[in-house]
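Observations on the model geometry
Listed below are the residues making up each chain.
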Amino acid sequence: MNDRGRAQASPVRWRVRVFGVVQGVGFRPFVYRLATGLGLTGWVGNSPEGVIIEAQGHPKALQNLVYALKQQAPENAWVEEVCAQPLARLEALQAFCVRQSEEEGAATTRLPADTAPCRQCTEELQDPDNRRYRYPFINCTDCGPRFSLIESLPYDRARTAMKHFRMCSRCLAEYRDPHSRRFHAEPNACPECGPRIAFCHRDGRILAAGEAALSEAVRRLRSGDIIAFKGLGGFQLLADARNSHSVQTLRARKGRPRKPLAVMYGSLAAVQQMCPVSEPESLLLTGAERPIVLLHAPNHDLASNIAPGRADLGVMLPCTPLHHLLLAELGFPIVATSGNRSGEPITIDNEEALVRLGDLADGFLVHDRPILRPLDDSVARVVAGHPQLLRRARGYSPNLVLPIQLPPGWGATGGHLKTAVALSTGAGVVLSQHLGDMDSILSRQALDRTMADFQQLFATLPRHWAHDSHPDYHTTRYAQARGQQTCAVQHHVAHIAAVMAEHGVSAPVLGVAWDGSGLGDDNTLWGGEFLRLDSQGYERVAHLRRFRLPGGEMAMREPRRCAFGLLYALMGEQVVECEAVRPMNSFSKVERRLLIQSLKAGLNAPETSSVGRLFDAVAALAGICQQTSYEGQAAGELEAVLGPEDDGVPYRFALSAPDAAGPWQIDWAPAISALLEDVQKGRPVSGIASGFHHGLVNAIVAVAKQAKLSRVVLAGGCFQNACLLELTITALEGAGFQVFWPCRLPPNDGGLAVGQLAWAAGVLQGREAPCVWPCRGD
């Protein structure tokens with residue numbers, strides 16, 4: 001070998017920094033095994049920025065190390081970037097080791113999400129010869145709690161809720177053993193040294209501990225009791241899903257008369273016996289995130305009041321070892337719903353649970369591992385062949401990988417319903433878990449705590465704030481109280497921008513934003529919007545024909561009022577004589593005349609262009625739902641009556657030509673007139689629902705052809721309707737359009753904060769943010 005060849009083979013030393021989701025996912029053990037296998041010496045450690053490696057050896061071995069970091073990372077890791085830098089001097093090291101974490105530096109790493117037990121831990125849980133046999137808190141570097149117990153970065157046991165539990169000698173030996181699956185597994189524990197369970201009376205008295213606590217919970221559930229169960233991210237309320245009396249008792253106590261309840265099964269095989277499960281649905285159910293998955297199960301054999309009026313059933317599999325043990329002992333599915341009273345945030349603390357859930361539950365199965373932040377169960381479905389998140393929380397929060405780069409220093413507060421907040425940090429965008437609706441003081445306090453928690457955790461203090469344009473939302477006032485540099489983003493623009501950010505789509509696009517309501521630029525309630533988004537701002541291309549909502553807020557809870565307002569816009573005061581129409585006969589003649597007076601005067605009867613409210617009106621006219629107890633009930637029950645045998649003859653929505661100054665208008669009058677005739681003729685409600693859905697799809701395609709933009713974005717809560725979404729995608733793609741819809745972000749207001757960030761920061765428009773983007777048109 002010549003001198004040049006010998007020089008190339010000489011050892012070198014590199015400093016390698018790895019960014020992304022690389023803490024709490026077994027990355028340091030992975031690097032250790034990789035480096036030792038390549039014959040390298042040096043060290044690996046966590047830092048607030050990610051993972052840092054200093055390694056020395058043959059140049060080819062170092063190149064292989066960097067390649068493997070990108071291509072062979074642990075399953076739950078996500079490597080965003082690897083930066084390698086040669087160092088000038090070698091060090092006299094004999095081995096490779098895991099070094100104590102560095103605490104200096106900006107907190108720019110991404111945090112790991114909580115994950116369900118891996119296959120190996122589940123096998124050990126069921127193995128009588130394993131020392132963690134039936135241990136409810138078994139975990140390893142590949143699974144278990146993460147985001148719910150992290151106090152600060154970098155991720156080490158001393159900065160988690162597990163700092164209260166000192167490892168025994170055997171756990172410590174595993175923790176230090178490079179060949180162990182629990183090498184540097186920070187939540188590592190066993191029956192000797194780790195958290196324990198107990199069963200408590202509602203007055204706080206401990207009635208049983210350990211295996212006896214589990215047995216008591218099983219006995220109580222079999223007897224029909226409601227049990228408060230401390231899970232991974234908070235409390236759940238459990239009941240026998242076969243027992244209609246138990247389910248009704250739970251509904252009455254929780255204040256949830258008809259909203260569907262999620263059901264937990266012990267295994268995928270048990271779910272498959274109940275209803276068909278596609279391959280994508282199976283992958284969602286059994287994935288590490290373990291969300292609730294909406295399955296088409298109109299003929300399930302559970303209590304009839306689990307999901308009244310709905311064809312879909314929310315199903316999940318065990319997401320913790322304790323759930324596995326409980327379901328195995330029971331042998332039947334259970335209701336597993338959020339541990340809260342309706343409208344309040346989920347409970348996470350034992351003492352707090354006894355106070356807030358004491359009159360909801362008959363007993364409490366608790367443990368002594370603290371939960372540092374509430375994480376509700378995520379909800380997902382498969383639509384158009386792709387997974388779609390409807391609620392983003394446990395298993396997914398807080399990380400969000402976007403194909404666009406947002407400038408750091410922005411905060412966004414979302415909307416009023418299904419609220420989630422977001423920050424743009426040095427590591428990218430972080431989106432909070434689902435926080436719920438902002439109607440209650442407890443929910444508003446939870447938002448305040450979450451935003452403070454995120455700013456501390458990610459060492460980010462926003463200089464700019466984006467918020468909804470509605471001035472009376474708590475989220476708006478929160479943002480405005482934080483400083484002068486705030487930006488109001490119109491509600492439906494934010495919906496569209498969120499989908500653009502998710503898919504990396506730049507302007508111009510035609511956005512179809514359909515939902516229940518959002519304040520429009522003309523101070524009416526928008527919700528049936530076609531907006532052109534481009535570098536100059538946004539333009540209202542078309543919208544649904546307006547009608548008034550008698551009673552304002554009451555109309556949003558009573559579809560019959562939406563129907564009344566719609567019919568008044570259609571036929572004027574003749575509506576008072578329409579006693580044969582279903583919603584009308586639920587009002588007395590005196591009530592009808594009072595409603596007409598309100599509509600004529602425009603008194604407490606706001607105008608709306610909302611497709612969500614149109615869904616409500618049609619559900620009432622079809623006799624499906626006159627009053628609701630939860631958001632989206634009428635639209636969901638209208639979708640549920642659809643069947644494969646429906647004729648699909650669409651109702652016609654007229655597209656009226658605009659004048660020189662205004663947008664196009666989608667006139668619902670022909671559709672509603674035909675619908676009323678079908679109701680009188682006795683057309684099956686499934687056919688009415690089908691005609692309505694297909695008519696809406698035709699209207700979308702008609703506007704898209706007029707707008708002459710090749711890319712169409714579908715956004716807003718109405719596109720939680722799987723039938724509407726799939727029909728629209730098929731029709732638009734068939735007409736030659738490129739279609740984008742929400743997948744990793746919820747179509748409802750749960751993704752609004754990301755859209756607010758992206759639009760306010762000016763990234764989608766390809767220019768610097770002016771903080772006020774104009775609306776061109778109406």
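The sections below set out a description of the structure shown in this document. (Residues numbered from 1 in each chain as written. Predicted model: local features only at pLDDT ≥ 70, side-chain atom pairs only at ≥ 80, totals over all residues. Heavy atoms only, no water.)

**Observations concerning unusual backbone geometry**
The step from serine 397 to proline 398 runs through a cis peptide bond, and the omega angle for that step is 10°. Positionally, proline 398 belongs in the loop between β16 (386–391) and β17 (410–412). The peptide bond linking alanine 507 to proline 508 adopts the cis configuration, its omega dihedral lying at 10°. Mapped onto the fold, proline 508 is located in the loop between α14 (491–503) and β22 (509–519). Unlike most non-glycine residues, asparagine 523 shows phi in positive territory, near 65°. Its place among the elements puts asparagine 523 in the loop between β22 and β23 (525–534). (Helix = DSSP H or I, 4+ residues; strand = E, 2+ residues; numbered from the N terminus.)

**A look at the pairing of β23**
Across the 10 residues of β23, nine count as buried, placing the element largely inside the fold. In this structure, β22 lies alongside β23, joined through eight bridges in antiparallel fashion. Within β23, the position partnered with glycine 518 by the bridge is tryptophan 526. Turn length for the β22-β23 hairpin, with the two strands adjacent in sequence and antiparallel, is five residues, and the turn residue asparagine 523 shows positive phi of about 65°. As paired strands, β23 and strand β24 (residues 537–544) are joined by six bridges and run antiparallel to one another. (Buried < 20%, exposed > 50% of the residue type's maximum accessible area, 1.4 Å probe, protein only. Pairing = 2+ DSSP bridges.)

**A look at the sheet that holds β16**
Judged by pairing direction, the sheet is mixed, and its 11 strands sit side by side in the order β7-β6-β14-β8-β9-β13-β10-β12-β11-β15-β16 without closing on themselves. Both outer strands of the open sheet, β7 (206–209) and β16, are each paired with one neighbouring strand and no more. Bridge count for strand β11 (residues 292–296) against strand β15 (residues 379–383) is two bridges, and the pairing is parallel. In the strand pairing of β15, valine 293 is matched with alanine 380. Seen against the sheet, helix α6 (residues 211–222) touches β6 (197–200), β7, β8 (227–230), β9 (235–240) and β14 (363–367) and runs at an angle of roughly 45° to β6. (Contact = heavy atoms within 4.5 Å. Axes fitted to C-alpha atoms, helices over the stretch in contact; angles between N-to-C directions.)

**Some remarks on helix α10 (residues 321–330)**
A turn of α-helix holds 3.6 residues, and therefore any two residues three or four places apart point the same way. Most of α10 sits out of view: eight of its 10 residues are buried. By the burial criterion, the buried members of α10 are Pro321, Leu322, His323, His324, Leu325, Leu326, Leu327 and Leu330. Glycine 331 sits one or two residues past α10 and shows a positive phi near 80°.

**What to know about the sheet that holds strand β4 (residues 78–87)**
Spatial ordering of the open sheet is given by β4-β1-β3-β2-β5, a layout of five strands whose pairing is mixed. In the strand order of this sheet, the two ends are held by β4 and β5 (96–98), each with one partner. For this sheet the average axis-to-axis angle between neighbouring strands, irrespective of direction, equals 15°. Along the sheet, helix α2 (residues 27–37) contacts β1 (12–21), β2 (41–47), β3 (50–57), β4 and β5; its crossing angle with β5, the most-contacted strand, is approximately 175°. Lying on the sheet, helix α3 (residues 59–71) is in contact with β1, β3 and β4; it crosses β1 at an angle near 0°.

**Concerning the nonpolar core**
Formed by 74 residues in total, the largest nonpolar core has its most connected members in Trp514, Phe530 and Leu714. Among the elements that line this core, the one with the most residues is helix α21 (residues 685–707), at 11 residues. With residues near it in sequence (within four places) discarded, phenylalanine 530 still touches Leu510, Gly511, Val512, Trp514, Glu539, Arg540, Val541, Ala542, His543, Ile666, Ile700 and Val703. Ranked by size, the runner-up nonpolar core spans 59 residues in total, among them Leu125, Cys143, Ala189 and Leu322. (Core = buried A, V, L, I, M, F, W, Y, C linked by side-chain atoms within 4.5 Å.)

**Points about helix α9 (residues 279–286)**
Among the residues making up α9, those that are buried are Glu281, Ser282, Leu284 and Leu285. Take α9 and look down its axis: the buried residues cluster within an arc of 160°, on one side only. Away from its buried face by more than 90 degrees, α9 exposes Glu279 and Leu283. Buried residues belonging to α9 abut α8 (268–274), β11, β12 (312–316), β15 and β16. (Arc of directions from axis to C-beta.)

**A short note on the pattern of salt bridges**
Summed over the entire model, instances satisfying the criterion amount to 43 salt bridges. For arginine 202, the salt bridge goes to aspartate 362, with nearest N and O atoms at 3.2 Å. One end of the pair, arginine 202, is in the loop between β6 and β7; the other, aspartate 362, is in the loop between α11 (350–356) and β14, with 160 residues separating them in the sequence. Accessibility expressed as a relative area gives 34% for arginine 202, which makes it partly exposed. Residue aspartate 362 is classed as buried on the basis of its relative accessible area, which comes to 17%. Across the pair aspartate 453 and arginine 373 runs a salt bridge whose closest N-O atoms are separated by 2.8 Å. On the criterion of sequence distance, the pair formed by aspartate 453 in helix α12 (residues 441–457) and arginine 373 in the loop between β14 and β15 is long-range, its members being 80 residues apart. One exposure class covers both aspartate 453 and arginine 373, and it is buried. (Salt bridge = Lys/Arg side-chain N within 4 Å of Asp/Glu carboxyl O.)

Spatial relationships are all this shows, so hold off on functional conclusions.
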